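Here's the letter readout for the chains.
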Amino acid sequence: MMKIAIASDHGGVDLKEIISNFLKNKNFEVVDLGTNDTTSVDYPIFADKLADNILKKESDLGILVCGTGVGISIRANRYKGIRAALLYDDEVAVMAKKHNNANVIVFGGRTMNSNDVLKRIDIFLNTEFEGGRHQKRIDLLDM
């Protein structure tokens with residue numbers, strides 16, 4: 001069973017709950033790293049928790065949510081070995097897996113429709129990484 005870690009700031013907490021329930025209904029194991037209410041918090045703290053979880057291989061995939069998805073993805077991508085992709089449309093959901101083999105996917109709680117988000121999660125999870133020339137490029141990211 002795939003284990004998926006999820007974290008958000010206050011701007012993404014509602015969408016985080018929708019995503020968590022969606023994944024649990026599909027029989028994924030979900031590790032919730034917070035936050036769990038709308039009290040203002042600093043998104044880098046939650047990006048750090050999730051990056052640590054992924055880098056320690058405690059989960060197979062990470063999902064981050066903040067107001068727009070931008071700030072939290074910037075923070076996550078500062079970690080060597082993290083490839084966080086903001087899935088703002090369906091084609092990006094395909095390519096983030098197919099070419100970039102993202103290990104963290106990111107959404108905007110205030111800027112994205114939950115139905116679109118759930119669709120993009122399905123697209124991402126059902127797409128295979130192509131490897132080959134794309135693996136060489138991924139390897140260059142962490143040099």
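The preceding data block contains the structure.
Reading the values: the criteria
Residues numbered from 1 in each chain as written. Predicted model: local features only at pLDDT ≥ 70, side-chain atom pairs only at ≥ 80, totals over all residues. Heavy atoms only, no water. Helix = DSSP H or I, 4+ residues; strand = E, 2+ residues; numbered from the N terminus. Rg over C-alpha atoms; globule rule 2.2 N^0.38 Å. Buried < 20%, exposed > 50% of the residue type's maximum accessible area, 1.4 Å probe, protein only. Contact = heavy atoms within 4.5 Å. Areas by Shrake-Rupley, 256 points an atom, 1.4 Å probe, with all protein chains shown as cover. Lys, Arg positive; Asp, Glu negative; His and termini not counted. Charge placed at Lys NZ, Arg CZ, Asp CG, Glu CD. Expected span 1.5 Å × (residues − 1). Pairing = 2+ DSSP bridges. Axes fitted to C-alpha atoms, helices over the stretch in contact; angles between N-to-C directions. Phe/Tyr/Trp six-rings, centres within 6.5 Å; stacked < 30°, edge-to-face > 60°. Lys NZ or Arg CZ within 6 Å of the ring centre and 35° of its normal.

So, the overall build of the protein chain
Turning to step 1, where the next piece is worked out: Each helix and strand in the protein chain was counted, giving 6 helices and 5 strands.
Turning to step 2, where the next piece is worked out: Seen in sequence order, the protein chain has helices and strands lined up from the N terminus as β-α-β-α-β-α-β-α-β-α-α.
Turning to step 3, where the next piece is worked out: Computed over C-alpha atoms, the radius of gyration of the protein chain comes to 14 Å, within 12% of the 15 Å expected from 2.2 N^0.38 for 143 residues, which places it in the range of a compact globule.
Turning to step 4, where the next piece is worked out: Judged by the C-alpha coordinates and their principal axes, the protein chain covers about 45 × 30 × 30 Å.
Turning to step 5, where the next piece is worked out: The 143 residues of the protein chain split such that 47% are buried.
Turning to step 6, where the next piece is worked out: Intrachain contacts of the protein chain at a sequence separation of at least 6 include 70% that bridge at least 24 residues.
Turning to step 7, where the next piece is worked out: With the model as given, the accessible surface of the protein chain reaches about 7,400 Å², and the carbon-plus-sulfur share is 47%.
Turning to step 8, where the next piece is worked out: With 19 positive and 20 negative side-chain charges, the protein chain shows a separation of 5 Å between the mean positions of the two kinds.

Topic: helix H1 (residues 13-25)
Turning to step 1, where the next piece is worked out: For H1, with 13 residues, the first-to-last C-alpha span of 18 Å sits near the 18 Å given by 1.5 Å per residue.
Turning to step 2, where the next piece is worked out: Along H1, the residues classified as buried are Val13, Leu15, Lys16, Ile19, Ser20, Phe22 and Leu23.
Turning to step 3, where the next piece is worked out: Elements that come into contact with the buried residues of H1 comprise strand E1 (3-8), strand E2 (29-32), strand E3 (61-66), strand E5 (104-108) and helix H5 (114-125).
Turning to step 4, where the next piece is worked out: Looking one or two residues past H1, asparagine 27 carries a phi angle of roughly 70°, positive in sign.

What about the sheet that holds E2?
Turning to step 1, where the next piece is worked out: The parallel open sheet is built from 5 strands, whose spatial order is E2-E1-E3-E5-E4. Each edge of the sheet is formed by a strand with only one pairing partner; in this case those strands are E2 and strand E4 (84-86). Here the strands of the sheet are splayed against their neighbours by 25° on average, with no regard to which way each runs.
Turning to step 2, where the next piece is worked out: Bridge count between E1 and E2: 4 bridges; the pairing is parallel. Following the sheet pairing, alanine 5 is matched in E2 by valine 31.
Turning to step 3, where the next piece is worked out: Along the sheet face, H1 touches E1, E2, E3 and E5 and points at about 165° away from the line of E1.
Turning to step 4, where the next piece is worked out: The sheet strands contacting helix H2 (residues 43-55) are E1, E2, E3 and E5, and the helix crosses E3 at an angle near 175°.

Structural notes on the packing of aromatic side chains
Turning to step 1, where the next piece is worked out: Counting across every chain of the model gives 0 aromatic pairs.
Turning to step 2, where the next piece is worked out: Looking at lysine 97, its charged tip hangs above the ring of phenylalanine 124, at a distance of 4.8 Å from the centre.

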